[in-house]
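# Chains, contacts and geometry: an overview
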Amino acid sequence: MSGTIIILSSIVIIFTIITLNIYPNIRLLYPQEEEQYYSFIGTWDSEGEEDGQLKRPHSIDVDSSGNVYVADSGNNRIQKFTSDGKFITKWGIEGGQNGQFRTLHEVAVDPSGKYVYTIEIDNYRVQKFTSDGNFIGKWGYENTGGHGALRNPHQIAIDSTGNLYLPDKGGSEVLKFDSNGKLVKKWGSNGTGNGQFKTPHGVATDSINSVYVTDMDNYRVQKFDSNGNFITKWGSEGDGDGHFSKVTPGIDVDSNGYVYVIDKEGANVQKFDSNGNFITKWGSEGDRDDQLSEPEDIAIDPSTGIVYVTDTGNSRIQLFAITK
């Protein structure tokens, strides 16, 4: 019997070798079939101050129609593009008045595509606009006091009902607001335990309104329900698969529930399932295609699955497709 098994095993091995030589791109039904791969699509890389040009873009988001909004931070403005990079409109100049920006850091669009929200670090506030850039309102600006005051906000995530989640780095907490800026809930404190933070920065929500937060100085991602109840966490310090450097500013979730995290110091993107199991990663330091320099943020088009990354150090946007 053992001799028969050896002969059959040899036949399978020989068949596999022959098959791979004839059809090198064939994908056999082995465990590696579940691995995820990416492909580079292109870049938007015209640096400058003209319409459609970028200067150190920090944040990016995509609406339900595929329009792309970029926080063009070096130019203190928001730019809106079609999915293939054609300029649509812009708004903002440097300043502290309504519709102006000082150290613009974040842009986020709600699921309906009607409203756009921004964060400025130096003005400590959120501003709300129409999708064409008309100013609607603001909140959280410096010296307002109370629970609505923002000490060091950096990013926004918006759930399916229009609620906003803001990690406040200065307060080591996550603030939840309704779409008009009314504080609904907050959670978190400084520390290393579950639900505690050291420098929370990036935030994203999924289709069932789970909230994912990059807890940078704890080298991890934490996952909560929409009321702030802790679900799970993953990550540790390092440069291997599933490990993070100290700076993980961007995070997003695709329509299939996969979680993508930007590792700025590692100049890469890491992909996980919704429970934190590592799947794949890509990127390295540089200025060539699919290399990154100081990447800050990531957004996934919900309809096409195209991945947009703000390659901030190279003043460009890079586009990728996830393939199996």
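Residues numbered from 1 in each chain as written. Predicted model: local features only at pLDDT ≥ 70, side-chain atom pairs only at ≥ 80, totals over all residues. Heavy atoms only, no water.

### Quick word on the packing of aromatic side chains
The condition is simple: Pairing of aromatic side chains requires ring centres within 6.5 Å, counting the rings of Phe and Tyr and the six-membered ring of Trp. Pairs whose planes differ by under 30 degrees are stacked, by over 60 edge-to-face, and all others tilted. The helix and strand labels rest on DSSP assignments: H or I over at least four residues marks a helix, E over at least two residues marks a strand, and numbering proceeds from the N terminus. Only protein chains enter the accessibility calculation, which uses a 1.4 Å probe; a residue is then buried when its area is under 20% of its type maximum, exposed when over 50%, and partly exposed in between.
Tallying each qualifying case throughout the model produces 20 aromatic pairs. Centroid distance W234 to F272: 5.6 Å. Interplanar angle 45 degrees. Geometry classified as tilted. Taken as a pair, W234 in strand β17 (residues 230–234) and F272 in strand β20 (residues 268–272) lie far apart in primary sequence, 38 residues in all. A relative accessible area of 6% means that W234 is categorised as buried. Ring plane angle 50 degrees and centroid distance 5.4 Å describe the contact between W282 and F320, whose orientation is recorded as tilted. Highlighted residues: W282 in strand β21 (residues 278–282) and F320 in strand β24 (residues 316–323), separated in sequence by 38 residues. The burial state of W282 is the same as that of F320; both residues are buried. These aromatic residues form a ring-pair network of at least three members: Y165, W187, F197, F224 and F230.

### Thoughts on the sheet that holds strand β9 (residues 135–139)
This is how it is decided: Pairing between strands is defined by DSSP: at least two bridges between them are needed. Lines fitted to C-alpha atoms define the axes here, with helix axes fitted over just the stretch in contact, and angles between the N-to-C directions of these axes take values from 0 to 180 degrees.
With respect to topology, four strands assemble into an open sheet ordered β6-β7-β8-β9, the strand pairing being antiparallel. Both edges of this open sheet fall to β6 (104–109) and β9, since each of them pairs with a single strand only. Each strand axis lies, on average, 20 degrees off the axis of its neighbour in the sheet, ignoring direction.

### Some thoughts on the pattern of salt bridges
Here is the rule: A carboxyl oxygen of Asp or Glu within 4 Å of a side-chain nitrogen of Lys or Arg is what we treat as a salt bridge.
With the rule as written, the count across this model stands at ten salt bridges. Notably, a salt bridge pairs E173 with K186, separated by 3.8 Å at the nearest N-O pair. Of this pair, E173 sits in strand β12 (residues 173–177) while K186 sits in strand β13 (residues 183–187), and the two are 13 residues apart along the sequence. Its relative accessible area of 8% is what places E173 among the buried residues. The exposure class assigned to K186 is partly exposed, which follows from its relative accessible area of 38%. Linking E296 and K264 is a salt bridge whose minimum nitrogen-to-oxygen distance equals 2.5 Å. Placement of E296 in the loop between β21 and β22 (298–300) and of K264 in the loop between β19 (259–263) and β20 is noted, with a sequence separation of 32 residues between them. Note on E296: relative accessible area 5%, which makes it buried. Given a relative accessible area of 21%, K264 falls into the partly exposed group.

### Topic: the pairing of strand β2 (residues 59–62)
Consecutive residues of a regular strand have side chains that alternate between opposite faces of the sheet. Residues S59 and D61 line one face of β2 and the alternating positions I60 and V62 line the opposite face, and both faces are buried. Counting the residues that bridge the hairpin from β2 to strand β3 (residues 68–72) gives five residues, and of these G66 lies at a positive phi of roughly 90 degrees.

### Looking at the nonpolar core
Defined as follows: Buried Ala, Val, Leu, Ile, Met, Phe, Trp, Tyr and Cys residues that are joined via side-chain atoms within 4.5 Å together make up what is termed a nonpolar core. By definition in these notes, contact holds between two residues if any of their heavy atoms fall within 4.5 Å.
Counting residues in each nonpolar core, the largest one holds twelve residues, listed as A108, Y117, I119, V126, W139, L150, I156, I158, L164, L166, L175 and F177. Mapped onto this core, the elements with two or more residues apiece are β7 (115–120), β11 (164–168) and β12. Not counting residues within four places of it along the chain, the set of residues in contact with A108 comprises D61, Y115, V116, Y117, I156 and I158.

### Details of the sheet that holds β3
One open sheet accounts for four strands, arranged β2-β3-β4-β5; its pairing is antiparallel. Two strands lie at the open edges of the sheet, namely β2 and β5 (87–91), each paired on one side alone. Here the strands of the sheet are splayed against their neighbours by 20 degrees on average, with no regard to which way each runs. Relative to β3, β2 runs antiparallel, the two sharing four bridges. Its bridge partner lying in β3, V62 is registered against V68.

Function cannot be read off these values alone, since they describe shape.
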